[in-house]
Amino acid sequence: MRKIVLPAIILLTVGARCLAQHSVLDLSGPWTYALDSLDAGEKEQWTSRLFENTLHLPGTLDDNGVGRPADLTPVFEKATFMQLTRKHRYVGAAWYSREVVIPGSWKDKNITLQLGRVIWETQVWVDGRKAGMNESLVAPHEFDLSGFLSPGKHILTLRIDNREKYDVSLDTRNFAHAYTDGTQIIWNGVIGDLRLLERDKIFVGNIQVYPDVDAGTVRAVVEIQNPSHLKTKLDLTASISGTAQSVSRSFRMEEDAKQVTLEFNLGKNFRTWDEFDPNLYTLTVDVGGRNGKTRMKDLSTVSFGMRKVGRRGNILQLNNHRIFLRGTLECAIFPLTGHPPMKKDEWANIFRTARSYGLNHLRFHSWCPPEAAFEAADEAGFYLQIELPLWSLTAGEDKRINQFVEDEANRIIRRYGNHPSFCFWSMGNELQGNFDWMTGLLSRLKAADSRHLYTTTTFTFQKGRGLWPEPVDDFYVTQYTKKGWVRGQGIFDREYPSFNKDYRVAADSLPVPLVSHEIGQYSVYPNLQEIGKYTGVLEPLNFKAIEQDLKKKGMLASAADFTKASGQFAVALYKEEIERALKTPQFSGFQLLDLHDFPGQGTALVGILDAFWESKGLITPEGFREFCAPVVPLIRYEKAVYTSDESFDATAEVANFGNADLHGITPEWSISTSGGKTLVSGKLQARDIPVGNGIDLGQIHFSLQGITEATALTVELALKGTPYKNHWKIWVYPSQLSVKNGHVVYTRSAEEAMKELSKGNKVLLNPEPASVNGIEGKFVPVFWSPVHFPNQPGSMGILCNPSHGALANFPTESHSDWQWWYLCKNSKPMLLDSVTGLTPIVRVVDNFYRNRKLATLAEAKVGNGKLMSGTIDLGEKAATHPEVRQLRFSILEYMNSGDFNPSTSVAPEEMARLIVSKTP
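A few points on the structure.

Thresholds applied
Residues numbered from 1 in each chain as written. Predicted model: local features only at pLDDT ≥ 70, side-chain atom pairs only at ≥ 80, totals over all residues. Heavy atoms only, no water. Salt bridge = Lys/Arg side-chain N within 4 Å of Asp/Glu carboxyl O. Helix = DSSP H or I, 4+ residues; strand = E, 2+ residues; numbered from the N terminus. Buried < 20%, exposed > 50% of the residue type's maximum accessible area, 1.4 Å probe, protein only. 1 Å grid on protein atoms, 1.4 Å probe; cavity = no way out; pocket = protein on both sides within 12 Å on 5 of 7 lines; lining within 4 Å. Points joined across faces, edges and corners; volume = space filled by probe spheres on them. Nonpolar A, V, L, I, M, F, W, Y, C, P; charged D, E, K, R; others polar. Pairing = 2+ DSSP bridges. Contact = heavy atoms within 4.5 Å. Polar contact = N/O pair within 3.5 Å; in protein donor to acceptor, adjacent residues only side chain to side chain.

### Quick word on the pattern of salt bridges
Here the structure, examined in full by the defined rule, presents 54 salt bridges. Here K533 and D610 are joined by a salt bridge, their closest N and O atoms 2.5 Å apart. In this pair, K533 is assigned in the loop between β34 (514-520) and β35 (538-539) and D610 in the loop between β36 (587-593) and α9 (621-625), connecting sequence segments 77 residues apart. Residue D610 is classed as buried on the basis of its relative accessible area of 1%. The partner of E579 in a salt bridge is K575, with the nearest N and O atoms 2.6 Å apart. Of the two residues, E579 and K575 both sit in helix α8 (residues 559-583), four residues apart, roughly one turn of that helix. Each member of the pair, E579 as well as K575, carries the same accessibility label: buried. Three or more residues joined by partner-sharing salt bridges are found here, namely D39, E121, E135, R159, D161, R163 and K165.

### Some details on the layout of surface pockets
When its volume is computed, the second largest pocket comes out at roughly 500 Å³. Lining the second largest pocket are 22 residues, with V571, A572, K575, H727 and D817 sitting closest to its centre. Taken together, the elements giving at least two residues each to the lining of the second largest pocket come down to α8 and β46 (725-733). The element that contributes the greatest number of residues to the lining of the second largest pocket is α8, accounting for six residues. In terms of residue class, the lining of the second largest pocket is built from 10 nonpolar, five polar and seven charged.

### A few points about the pairing of strand β52 (residues 854-862)
Of all nine residues that make up β52, eight are buried, and the element is covered over most of its length. In terms of strand pairing, strand β50 (residues 830-831) meets β52 through two bridges, oriented antiparallel. Of the residues in β52, the one forming a bridge with L831 is L854. In the sheet, strand β51 (residues 840-846) pairs with β52 via four bridges, with the strands oriented antiparallel. Each bridged residue has a counterpart across the sheet, and for V842 the counterpart in β52 is L857. Joining the antiparallel neighbours β52 and strand β53 (residues 865-870) is a turn of two residues, in which G863 adopts a positive phi near 60 degrees.

### Side note on the environment of D846
Here D846 is to be found in strand β51. For D846, a relative accessible area of 3% puts it in the buried group. Taking C-alpha positions, D846 is 5.9 Å from M796, a pair spaced 50 residues apart along the chain. If sequence neighbours within four positions are ignored, D846 has contacts with Y525, G794, M796, N851, R852 and L854. From its side chain, D846 meets the backbone nitrogen of N851 in a polar contact 3.3 Å long. One polar contact links the side chain of D846 to the main-chain amide nitrogen of R852, over a distance of 2.7 Å.

### Structural notes on the sheet that holds strand β25 (residues 321-322)
An order of β23-β24-β25 is seen for the three strands of this open sheet, with the pairing classed as antiparallel. The open sheet is flanked by β23 (309-312) and β25, the only strands paired with a single partner. Pairing geometry for β23 and strand β24 (residues 315-318), over four bridges, is antiparallel. Residue G310 lies in a different strand from β24, and its bridge partner there is Q317.

Dropping the structure here:
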């Protein structure tokens with residue numbers, strides 16, 4: 001066997017949390033390894049050998065380029081789009097070994113091997129002697145090696161098996177984000193800490209801190225570990241930094257472990273922890289004594305915050321103060337490494353980004369993050385929802401999994417329970433199965449650890465469940481109640497746009513705080529500029545396949561426009577989603593899906609940010625904070641589209657979820673044109689604004705009679721002397737509009753259109769939707785992913801040129817907005833794939849899984865005539881709607897002008913086949 005040369009191990013003294021003044025051997029660096037897909041290692045006695053090949057730990061096989069290489073050809077097929085592609089993949093047992101040298105000073109000490117995070121099982125040998133097995137997806141794997149590691153040289157061997165441990169899955173589809181290739185990958189290796197920890201024979205094993213904000217007290221439960229069964233007198237001193245609080249205890253160790261309960265009274269002037277002032281305290285425990293001539297001493301610290309999460313009726317409270325969760329999901333999406341960061345600064349950057357977009361809450365969907373995430377959230381003042389590694393349709397029905405899940409829950413309490421950011425705890429995502437088991441588990445956890453609020457499941461589709469909270473729930477996360485929807489996905493494409501609505505009917509009489517579940521999920525066209533960012537273990541074959549498909553179809557130059565148009569449309573929808581939640585008095589928060597992209601489940605690019613938490617250029621953080629912040633000005637108004645014989649009337653209100661009441665605030669409002677000209681402005685009565693929502697600020701009124709041309713207006717409401725402002729768009733069209741065909745032949749008949757075109761006439765062909773070769777007209781874009789949910793029309797909003805003459809009298813941005821709702825719903829986008837030269841005026845962005853050329857308005861020369869083909873219903877009945885009448889007027893004005901001169905030609909027979917055909 002080739003000799004493997006390994007570097008000297010570094011001896012360190014650390015001052016980290018719960019490890020103060022302990023010596024460690026850092027085991028990071030080269031390790032030898034061997035793959036064992038046939039499970040032959042133990043039989044062939046791999047337990048005490050060094051292997052031929054080396055890699056670097058901490059790290060994964062993927063990090064080191066080990067495993068089955070993937071075919072990186074971007075084939076345009078479903079498998080390519082299911083998730084990002086691992087460049088190398090290995091699922092099975094892998095062996096890792098290296099030499100370690102134990103210092104002489106570690107003689108007769110307690111020695112623990114610590115592995116920061118592992119998927120799923122670790123077995124350990126020292127010099128061929130088996131030293132233990134550990135399994136967990138949520139906590140470090142630790143092993144007591146005191147009886148195996150004497151001073152001198154040893155071979156330390158790890159067998160890590162990342163296969164699913166049980167034959168009945170935590171989730172049969174491997175969608176739970178603790179164990180999946182959809183976001184995080186099913187990696188093999190060790191990430192985070194990789195070290196041996198030395199302590200005296202008696203040491204502090206664990207500290208749990210229970211603050212009582214109402215009483216101003218702290219109860220600490222200190223666990224003293226005594227694995228050598230020593231009987232001796234110990235002295236314990238504990239103090240809390242930033243206070244004069246200190247307590248001492250003397251006691252005898254008569255058992256293998258002992259719990260000591262300590263009480264502290266912080267008085268009246270302690271500092272609480274919340275999103276505005278994330279004050280942290282440090283509890284230090286110093287324990288020592290002698291056993292004969294042997295001196296024992298251990299010093300450990302733990303960070304905590306004085307915070308109390310609870311409720312007053314069905315309203316969420318923190319420290320007896322109302323809070324509102326402005327959240328998004330974290331689904332283990334780390335596209336460079338395929339695994340979560342293990343350093344605090346990397347998590348701190350995520351929380352800074354989320355905060356810059358006005359958020360204060362992160363839900364960890366079906367997984368629990370590592371310690372570094374909690375530490376960063378503690379310092380940032382972020383409210384976290386943790387979930388067990390469970391997303392199952394058969395939860396509670398397998399005893400082995402039940403035990404594993406409950407053990408994982410206890411590991412979460414022991415490891416992360418002290419963190420003030422750990423506010424909310426769900427048993428899993430969209431669980432179905434045995435609710436008696438779920439609620440029983442919840443009740444046992446609540447009895448064991450009262451520092452968090454609990455819910456049975458984060459929503460469920462199970463029949464007979466989910467329409468109302470379970471009796472044991474402390475809070476309730478749902479899409480709908482038995483009284484109606486609480487998110488826009490169930491409403492926005494069905495109801496004519498109205499901006500004076502909220503969800504108070506659906507939320508009425510709920511017994512616990514309500515948080516809306518996974519709101520949004522509006523798909524944004526892939527940003528192909530991201531391809532160059534994927535420099536790690538994952539390859540964006542999905543993006544590359546889309547790029548190749550667009551190139552083949554001559555559409556690649558439009559890709560950036562597709563992203564921008566669909567993305568800005570998504571922003572408008574997210575704005576209304578969030579504002580409806582903020583307007584609902586009974587709401588306690590929302591959870592977006594998502595602020596950033598989800599690369600799995602069929603490429604679900606639903607984010608305003610990309611999978612790297614970086615901007616797509618759709619909206620600035622400042623712009624997003626106008627409607628997503630601690631304080632948000634709001635207005636209620638009837639509709640988006642008006643005529644000049646109406647008035648604009650709105651009720652101004654505010655949602656104040658800041659840390660205090662606002663005093664003497666004067667609301668100011670204005671209405672201006674798209675060119676920035678202010679038409680009217682005013683002030684509302686100055687007033688105090690308490691914490692809460694639904695707070696009436698007064699009325700806004702503006703007569704629209706002076707408007708003679710189609711105009712897009714911006715309504716702004718600001719709170720004078722504060723940074724808080726918000727704005728909305730409305731569209732005003734002349735009430736008296738003479739829509740004349742002039743020299744244009746308007747027809748719904750393709751045959752008549754062809755006849756008139758042959759005469760050299762101008763023709764506006766507006767066929768009946770049923771006769772158009774196209775797809776269903778929709779306003780909202782693709783839900784989640786067209787690959788994951790293929791049975792949907794699949795469009796992603798419009799893309800148009802606002803400066804085109806046909807739209808000169810119909811103000812619009814280049815993307816869909818609320819004035820397009822009726823037009824899109826009463827249209828049938830036509831397929832233009834067979835027409836190479838036709839340039840749409842209003843095109844419809846198709847989903848990336850089809851990339852068809854779609855349009856609702858297009859022009860061409862046909863024979864001697866000039867054709868405008870529109871598949872939005874512009875007929876007389878539809879024209880009773882002002883937006884239809886205005887668009888028809890704009891089109892006809894253009895067609896009757898000298899500017900109507902299409903640059904492309906289409907053969908008559910080709911155009912006839914294109915527009916009028918059987919519906920596919």
